[in-house]
Structures are given as C-alpha cells and as structure tokens.
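# A look at the structure
Each chain, written out:
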Amino acid sequence: MRNSRWTNLIFQLIAVILALGFTTLVMLIAKAPPLDAFKNIIIGSIGSWTKISDVLISWTPLLLATTGLLITFTAGLWNIGIEGQMMIGAVFSTWVLRLLQESTLPPALILGLAILGGMLGGALWALLTGVLKTFGGVNEIFGGLGLNFVATSINLWLIFGPWKRPGVASMSGTIPFPETLWLPTLPGSRLSLWALGLALISIVLVYFLLRGTYFGLRLKAVGKNAKAAYLLGVPTWQYSLAAFALCGIFAGLAGAMQVLVVYHRLIPSISSGYGYLGLMVAMLVNYQALWAAPVAFFFAALNIGSIQLPVVLKLDSTLSGVLQGTLVLFVLLMQGARQKLGIRN
Amino acid sequence: MTDNCQLTTANRQLTTMTSETLLIGLAGVLAAAAPVIFAVMGETFSERAGVINLSMNGSILLSAMGGFAVALNTGSLLLGFLAGAGIGALVALVVAFSSITLKQSQVAVGFVLALLTRDLAYFLGNPVMGQPGPRLQSLPLPGLSQLPVLGPLLFKQDLMTYLSFLLIFLAWAFIFRTRPGLMLQGIGERPAAAFVRGANVNRLRYFYTILGGALIGLAGPIYSLSVKAGWKGTISGLDGIGWIALSITIFGGWNPIRAALGAYLFALLQWLGLALQPILPGIPAQVLQVAPFPLMILTLLLVNIGDSEWVERALAAMPERQRRLAEKILRALRAKPPAALGTTFDSE
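Residues numbered from 1 in each chain as written. Chains lettered and ligands numbered in written order. Predicted model: local features only at pLDDT ≥ 70, side-chain atom pairs only at ≥ 80, totals over all residues.

All right, on to the overall build of chain B then. A count of helical and extended segments in chain B gives 15 helices and 0 strands. Relative to its length of 348 residues, chain B is compact, with a C-alpha radius of gyration of 22 Å against a globular reference of 20 Å. Considering chain B as a whole, with its 348 residues, one finds that 45% of them fall into the buried category. (Helix = DSSP H or I, 4+ residues; strand = E, 2+ residues; numbered from the N terminus. Rg over C-alpha atoms; globule rule 2.2 N^0.38 Å. Buried ≥ 20, exposed ≤ 12 C-beta atoms within 10 Å, placed from the backbone.)

In this section: the overall build of chain A. For chain A, the count of helices and strands is 14 helices and 0 strands. Each helix (α) and strand (β) of chain A, taken in turn from the N terminus, gives the series α-α-α-α-α-α-α-α-α-α-α-α-α-α. Relative to the globule expectation of 20 Å for 345 residues, the C-alpha radius of gyration of chain A, 21 Å, shows essentially globular dimensions. Over its C-alpha atoms, taken along the principal directions, chain A stretches across nearly 70 × 60 × 35 Å.

Attention shifts here to the interface of chain A and chain B. On the side of chain B, 38 residues touch chain A, which itself brings 43 residues to the contact. Of all the secondary structure elements, the ones that give two or more residues to the side of chain A that touches chain B are helix H1 (2-29), helix H5 (107-136), helix H6 (140-160), helix H11 (274-284) and helix H14 (319-344) of chain A. Per element, the largest residue contribution to the side of chain A that touches chain B is 14 residues, and it comes from H14(A). Partitioned by chemical class, the residues of the side of chain A that touches chain B number 27 nonpolar, 14 polar and 2 charged. (Contact = placed C-beta atoms within 7 Å. Nonpolar A, V, L, I, M, F, W, Y, C, P; charged D, E, K, R; others polar.)

With that settled, the discussion passes to unusual backbone geometry. Residues and elements named next belong to chain A. Located in the positive-phi region is asparagine 286, a residue other than glycine, with phi close to 55°. Turning to its location among the elements, asparagine 286 is positioned in the loop between H11 and helix H12 (292-305). Looking at asparagine 286, the number of C-beta atoms within 10 Å reads 14, which means it is partly exposed. Notably, lysine 314 is not glycine yet its phi reads approximately 55°, a positive angle. As for its placement among the helices and strands, lysine 314 is situated in the loop between helix H13 (309-313) and H14.

The next subject is the domain arrangement of chain A. Where the parts come together, the accessible area they lose is often given as the size of the interface. Residue and element names in this part refer to chain A. Its domain assignment divides chain A into domain 1 (1-32 + 317-345) and domain 2 (49-314). A straight line from the C-alpha centre of domain 1 to that of domain 2 covers 28 Å. Contact with domain 1, which involves 10 residues of that partner, is made by 12 residues of domain 2. (Domains from an automatic or database assignment.)

This next bit is on the nonpolar core. Core analysis: the biggest nonpolar cluster contains 204 residues, and Val36(B), Ile37(B) and Val112(B) have the highest contact counts within it. Two domains each put at least three residues into this core: domain 1 (1-32 + 317-345) and domain 2 (49-314) of chain A. Residues within four places of Ile37(B) in sequence aside, it is in contact with Ser164(B), Leu167(B), Ile168(B), Ala260(B) and Ala263(B). (Core = buried A, V, L, I, M, F, W, Y, C linked by C-beta atoms within 7 Å.)

Position of Asn73(B) relative to the elements: it lies in helix H2 (residues 56-74). Between the C-alpha atom of Asn73(B) and that of Gly242(B), which follows or precedes it by 169 residues, the distance is 26 Å.

This part is about the environment of Ile168(B). Residue and element names in this part refer to chain B. Topologically, isoleucine 168 is positioned in helix H6 (residues 159-177). Look at isoleucine 168 and you get buried, because 20 C-beta atoms sit within 10 Å. Here the alpha-carbon distance between isoleucine 168 and proline 256, two residues 88 residues apart in the chain, equals 5.8 Å. The contact partners of isoleucine 168, leaving out residues within four places of it in the chain, are Ile37, Pro256, Ile257 and Ala260.

Moving on: the packing of helix H3 (residues 49-74) of chain A against helix H10 (residues 236-263) of chain A. All names here are of chain A. The interhelical angle for the contact between H3 and H10, taken along N-to-C directions, is 170°, at an axis separation of 7 Å. Of the possible angle classes, the one that applies to H3 and H10 is roughly antiparallel. Across from Ile57, Thr60, Pro61, Leu64, Ala65, Thr67, Gly68, Leu69, Ile71 and Thr72 in H3, the residues of H10 making contact are Ala243, Phe244, Leu246, Cys247, Phe250, Ala251, Leu253, Ala254, Met257, Gln258 and Val262. Looking at the contact of H3 with H10, its residues break down into 16 nonpolar, 5 polar and no charged. (Axes fitted to C-alpha atoms, helices over the stretch in contact; angles between N-to-C directions. Parallel < 35°, antiparallel > 145°, perpendicular 65-115°, else oblique.)

Right, let's talk about the confidence of the model for chain B for a bit. All names here are of chain B. Averaged over all residues, the pLDDT of chain B equals 86, while 91% of them reach at least 70. Between residues 1-11, whose pLDDT stays under 50, and residues either more than four places distant or in other chains, the model counts 0 contacts. Both scores are available for the predicted complex, with the pTM at 0.89 and the ipTM at 0.90. (pLDDT = per-residue confidence, 0-100.)

All names here are of chain B. Relative to each other, H2 and helix H10 (residues 241-251) sit at 130°, their axes nearing to 7 Å. Taken as axis vectors, H2 and H10 run oblique relative to one another. In the crossing of H2 with H10, the sense of the turn from one axis to the other is right-handed. Where H2 approaches H10, its residues Met56, Asn57, Gly58, Ser59 and Ile60 are matched on the opposing element by Ile241, Gly242, Trp243, Ala245 and Leu246. Its residues assigned to classes, the contact of H2 with H10 comprises 6 nonpolar, 4 polar and no charged. (Left-handed = near helix turned anticlockwise from the far one by under 90°.)

One can find Arg211(A) in helix H7 (residues 193-212). Taking the C-alpha atoms as reference points, Arg211(A) and Ser320(A), 109 residues apart in sequence, are found 32 Å from one another.

Residue and element names in this part refer to chain A. With 26 residues, H3 should reach 38 Å at 1.5 Å per residue; the first-to-last C-alpha distance of 36 Å fits that figure. Of all the bends in H3, the greatest, near 30°, is centred on tryptophan 59, and the proline proline 61 appears no more than four residues after it. Across the 26 residues of H3, 21 count as buried, placing the element largely inside the fold. Looking one or two places after H3, you find glycine 76, whose phi comes out positive at around 75°. (Expected span 1.5 Å × (residues − 1). Bend = angle between axes of the 7 residues up to and from the residue.)

This is the structure:
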C-alpha cells in the first residue's frame, strides 16, 4: 500500500517534470526566455497581496465549476456543457437583477434572489443536456457542446438586443448595475469573502456528499457500472439527471458570482473558459474532491500570473494554457504507464 | 414602348446578376466545406477503427497555424500542407498511444489535447499573426469550367476543393467496397472477430487513427492557405469548427457520403446566415453564425431517438399507418456507431 503510494508520487513527479520540460521546449521554439517567463508567472500570481487576491477571485468560479464536475464525473458523465451552464446562470442572475433593481426590495434580498436565479438557470440548462441524453440518446459530450454554442448565442443576443446599453450595443456588455447591487467586497479590493465562502462551502459539501452519503454511494455505483446499478435497484436515469442538475447548480452559482462580484454586468465571455478549465482540474485530481481546491488554486495562479506576459515579454498569455494542458496530459500518460508497468510486474 | 423595353432589359440583367452571384455564393459554399470534409473523413476513418479523436478542434487550429507559418517561411504551399498533415498525424499519434497502448480514456486525452493544441496554436502563432502570406490559387479546369452552371459551380475551384470531392468517393469506396475497408469496419465493430480472422487490431487502429489525424490536419492549412487565408490568432474564426466536424461525423452515421452531405449543409447554413444578415438587421452576426448548432443538436436527436425505449412505446401506441411512416423515417435517420468505439482491445 505504502509502496504503491510512493510509486504514484514518483510517477506524478515525473509527469510534472515532463510538463515543465515540454513547456520550456515550446518557449525555446518561440525564442522566448523560459526562466524569465516562469519568474514572471510566479511574481505575477503571488508577488503581492493584490495579485493573491486576484488569484482568489479567479479561484472562486474555477473551484465552483470543478465542484460541480466532481458530481457528474462520479456519475460517469462528461459534462462538457458546463461552460453553457455557467453562462445561463449568469444570464438568469442578470435577469433577476434587471427585474428587481427598480423595486423597493432590500438589496440584500435582491442579491440573494439573483444568486438563486443563477443556480436555477444553471440547473435548467444542465437538465436540458441530461434529458437529451437520457430520453433522446444524444451523448452528453455532443449535446453539451452544442448547447454551449447555443448559450453563447443567447448571451450575445441579449447583450446586443433586448438588454443593450442605451444608445449603442457593444462587446463590453450590458450597462453596469448600481453599486448597491454589488456583492460586498473587502475594502479597497475586488475580493468578496461571500463568493469565496460559497465556493469553499460548496467543495466541502460535495466532498461529504460523495464520500459519506447513501446518495453519493449510489451515484458512484451508477458511474462505475450503470447496468449493474440498475439491476440492483438504483433508479439510474433519475440519478444521472440529479447529477446534471446538481452540477448545473454549482455552475450557475459560478456564473452568478461572475456577474455579482467580478463584472457587475453581463459580458459576452462571462464564463471565461472556467468550465473547460474545471474539467482539466477534475481530471488532474483524478476526480477526487480532496485535492480539487489546491489544484484549482494552482491553475488560477497560472492564469493570473500569465496576464502580464504579453506586456513584459511580448509572449501570448495562452502560455498558462499550454502548461496546464501538458500537465494534465502527462499526468494521464504517466497514469497509463504506471498501470501498464504494474500489469507486467 | 421603349421605356418598357428598357425596363425588361434591366430586369433581365438584374436576374442574371443575382443568379450569377448565387452561383458564386454556392461555389463558395463548396469551397468552404472542403476543410470540413477533410476533417470529417479523417474522424470517420479514426472512429470506424474504434478510436475517437476528440482533439480535432485544437488539432485543426494548430495545423492551420503551423501550415501557414511553414508556407510563409519557406514560400512553399506544398510544405505548408504537409506540415499541417504532419501536425494532425502527430496529435493523433498521442491519442492512439495513450488509448491503445496505455489504455487511458480516449475522451479524457482527446479533450485535453483539444485545449492544449489550441493554446499552442495561439502561443506559437503570435509572431506570424496578421502577416500576409501565400495563398492557394484557384485552378479552373480547362473545358469543364466553360460549362454553363456546372462550370462556375464545380470547376473553378482550387486544388484542395477538387481533392475534397475526390476524397468523399475514395473514402466511401474504400470503406464499403474493398477488403481492407471491410477489415476496417471489423476492427471497429467486432475487434475480437477481426483478430481471429488474422487482423492485427491494434496496429491497424494505430494506422487509421494516424491516417485520420493527417486528414484532419490537412483541414488546417486548407483554412489558413485558402478558405480563410492567413493566421489571425483568436479572431481567425476557426475555433469551434472541430467540434462541428465531430458532430457532423456522427450525423453522417460514419458514412462518407452522408457525412459529406452534413458538411455541405453546414457550410450552406453559415453562408445563408451571412447572406441573410442585411435582410435581418435586428440579429447580430454572432447569433447567425451559431445557427447551425441548434440544428446539430436536433439532428443528433433525430439520429438517436429511434433507439429510445419511450419512443418505441409511443410508436406501438400509434395507429398502423402512421406508425409505419414514423418507423420508416426514424430508421432512415438512425445511425449506429461502430460497436467497439471508444473501447480498448486486448488479444489475450
């Protein structure tokens, strides 16, 4: 047991080294200074309190997306449609704010309703993928991908159509909400402890849901072998739909946070790729909730750290994506290599 | 009287003008579908062999950038296309190695590669971004291009578009009319049976995945050296094409002819979206460009729904004549994936 844990660690270490090596190679091909780039990423992400709070702001939606995905992965589902679920969550949240911003309700209540609205929107959009899968036989990967593009077009249509700024519609989004409808942040910072707290509560909840409950156990059974679970009396499709809905709730919450905390309006790229990044984080932690938070933090740090690369080193900021992708790829490959060697020994 | 006559002439001119622009538009649709056809045929080969290459979206972007960069630096279009095919083959090799040899999830590795190769394309493509580069010239076929209607439609295209026509029929004939094609179907449907008949299942899967990857990789330079010449980074407008190609593969039911129809339908819709824009000013361009996606979901639904239990129950409750008709339609639309798609094969 102990032995296997050590080999596991060694293989993962090799994966990390290979990923760093590959990324360095890519930079050399691009005639970029690798050490300067890595240094810039580190300073740009944890070099100051402002940077760390930026990382935490970016960590929130990423952790929420990963949290939701842990549920669908446990049920054996590839919820690639999470980007769209975040987007529709943001749309619903904006909708609630637009409906109630003129009303006499206390702002705290409006904010609460907007959060709930976001969760509802995400859940409904996720259920759409789920229903297409369970009743229409449409694989969740293709249904989800298609719905992502549909969600994007709904979002764009709203921004350029019914919800456009007075005067001219633009890619910069809808008109910002009044400050009373912003979720409170720390003084002098854009970091909201509310958003951070909700994300942390979510991951803890899901950790216990998957680990310590009857529901989690049966969900695992559905994910491992749906047919066997069905024969043992687990209502399979209901569990699949429940997994989609739960994931959608967290995705929608993430979308709502983007509106209420970060942008204070609806923008075209409101989900910012956090859904896809969440899929990568979930794969990297091998679908286990325990490591989701630190790995998501690391990925968020890479994203924030690479923002200044174009300015300082004239490099494209997608370098963080290259590093994240190679990391997940090599971890998957080393996992396979370890299993292959394990069989032979 | 004269006035009237002039009016008729003008009218006639107007109609010939529009039918000419229409013809040019449709010829453009055929050209715009060419890269999609290469990608879809590549994916069809790969999936027929049992391997899903989910990396397609990023693969096309990286090969588009790579092909453009190589053609720009060497001045050789041929090298550009070869570079694109090479990049696609290399990405497919990673998919094949991790899924066939290391037995990792094809979906997981493919998805990671889709994102990774996309980011690589944007990162490495930074220096060549926005530069004017070489472009494939159109190659009107002597004689044939003079034909009325068909000439401007089919025979004033560039080389890769002609090859895309050819590829559809070659792929179809290979899969359904040759012995190796039969074996290809076998390793995707019943690998164990193919193995017993002497096929080296995993080696063939490697071969077809890499061949498919090379075809997918050709789609990239067809964009960057012809259809949407140049490399413009994130605004190249290529992000998403691979995902569409993936769904067209399914819509095509792993049959090259039907898949080609899907590709042309998609290209037609995109063109219509742009052509209709002046008529529908209230709808932003971004919305019209994603119009094919709801349709894609709908087609996937139609392709698959015939297998659902509740549909069968609903059909059973229908009156005889309507049921027959409904069953006929569903059967015509239905497409079953290769039975062993996404699974690994062990000869032991």
